[in-house]
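Overview (structure and organization)
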Amino acid sequence: MMSMVRRLWAFVLGALALLVGGAAYAAQPEPWGINFQQSATNIMAQIAWFDWYTLIIITVITLFVLALLLYVMLRFNQKANKEPSKTSHNTMLEVVWTVVPVLILVAIAFPSFRLLYNETTIPTPELTVKATGGQWYWNYEFMDEPLAAIRMTSSMLTDEQRAQRMQEYNLTDAEVPRLLATNNALAVPVGKVVHMLVTSLDVNHAVAMPAFGIKSDAIQGRNNEVWFRAESEGVFYGQCSELCGRLHAFMPIEIHVLSEEKFSEWTEIAKTNMRDASAQLVAWQAEGREDAVAALDAQ
């Protein structure tokens, strides 16, 4: 009974932390979710805006066509029109149904071109990370000095490892999500342009981070490029999105966005001991939840 109460209380604390946000915020899939994850980058915010923009346009078109069909069915059916119309040509009508679709396509095209330009135009990088996919894990390498010594292999936590982490750090299911949490997470600083090189050791893979609005194929012998600038601290999850074999569904991506001070501290640890660096990330995650709950209590 006490065990159930403790689990319920841990779940409530985790939910409150997610509502408060801050460092405890984690972007991950939600059961029965139909919307995008909360945007963590300006690019993802633009993608979300464009999604709603096109949704409004196609909704208006659908309703207009439905109304037009109903009008024609009621106004021009055989019962209401004993004598069918002999009209075979209407210049104005043909001009309208040619010009209006063109204007609609132009209204969609220009925002999409702007979004495509912003996605593919990489600002001056402040940090470069190489992500190499393998069956079925990710290798991360920092390419800039003095961080070039930092390298890690990131694999999905087993159920036993996940349970151990939850118990050791008093974390909830949401804070160590099944099939998404990894043994070694990648850390990046908040507000910095991260240039990511993406490639593969074997078959095709793909880096996909929904909250960042990025997706890039990982192809052996080729370096693809993608970039992001996370605007808020937190823990963010993605996955391989290219069918790559038997364990394709078990190849997650976990990125911790840290303050500059914490990122500097993490890099100093990661240069010599990746296990301790990963443990530090989890400890900060637990501290962030406690700080969020304390802030909620103070309100």
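Everything here concerns the structure above.
Presented here is a report on the structure given in the accompanying data block. (Residues numbered from 1 in each chain as written. Predicted model: local features only at pLDDT ≥ 70, side-chain atom pairs only at ≥ 80, totals over all residues. Heavy atoms only, no water.)

This brings us to empty space enclosed by the protein. Empty pockets left among the atoms are what a rolling probe the size of a water molecule brings to light. Scanning the model with the defined rule gives two cavities of 30 Å³ or more in all. What lines the second largest cavity is R165, T182, N183, N184, A185, E254, H256, S278, L281 and V282. Among the elements of the structure, β11 (252-258) and α6 (274-298) are those that each provide at least two residues to the lining of the second largest cavity. No other element matches α6, which puts three residues into the lining of the second largest cavity. Classifying every residue of the lining of the second largest cavity by side-chain character gives three nonpolar, five polar and two charged. (1 Å grid on protein atoms, 1.4 Å probe; cavity = no way out; pocket = protein on both sides within 12 Å on 5 of 7 lines; lining within 4 Å. Points joined across faces, edges and corners; volume = space filled by probe spheres on them. Helix = DSSP H or I, 4+ residues; strand = E, 2+ residues; numbered from the N terminus. Nonpolar A, V, L, I, M, F, W, Y, C, P; charged D, E, K, R; others polar.)

This brings us to unusual backbone geometry. For the bond running from Q135 to W136, omega is 0 degrees, close enough to zero to count as cis. Relative to the helices and strands, W136 is located in the loop between β2 (127-134) and β3 (137-142). A cis geometry characterises the amide bond from E145 onward to P146, with omega recorded as 5 degrees. As for its placement among the helices and strands, P146 is situated in the loop between β3 and β4 (151-154). Its identity as a non-glycine residue notwithstanding, W32 has a phi of 65 degrees, on the positive side. Topologically, W32 is positioned in the loop between β1 (26-27) and α2 (42-75). Exposure remark for W32: the relative accessible area of 86% places this residue in the exposed category. Positive phi is not limited to glycine here, since L179 has a value of about 70 degrees. Mapped onto the elements, L179 comes out in the loop between α4 (159-169) and β5 (186-189). (Buried < 20%, exposed > 50% of the residue type's maximum accessible area, 1.4 Å probe, protein only.)

As for its placement among the helices and strands, Q46 is situated in helix α2. Of note is the side chain of Q46, whose polar atom sits 2.6 Å from the side chain of N42. (Polar contact = N/O pair within 3.5 Å; in protein donor to acceptor, adjacent residues only side chain to side chain.)

Both faces of the sheet carry side chains from a regular strand, because those side chains alternate between them. Burial runs high along β11: seven of the seven residues are buried. Sheet topology note: the β5/β11 ladder contains four bridges and is parallel. The partner of V188 across the bridge, within β11, is V257. One ladder, built from six bridges, connects strand β10 (residues 234-240) with β11; its direction is antiparallel. Bridge pairing links Q239 to P252 in β11. (Pairing = 2+ DSSP bridges.)

Any pair of aromatic rings gets described here by the distance separating the centres and the angle formed by the planes. Taken as a whole, this structure holds eight aromatic pairs when the rule is applied. Following the ring pairs from residue to residue traces out a cluster consisting of W49, F50 and Y53. Cation over ring: R75 sits above F76, and NZ or CZ is 5.0 Å from the ring centre. (Phe/Tyr/Trp six-rings, centres within 6.5 Å; stacked < 30°, edge-to-face > 60°. Lys NZ or Arg CZ within 6 Å of the ring centre and 35° of its normal.)

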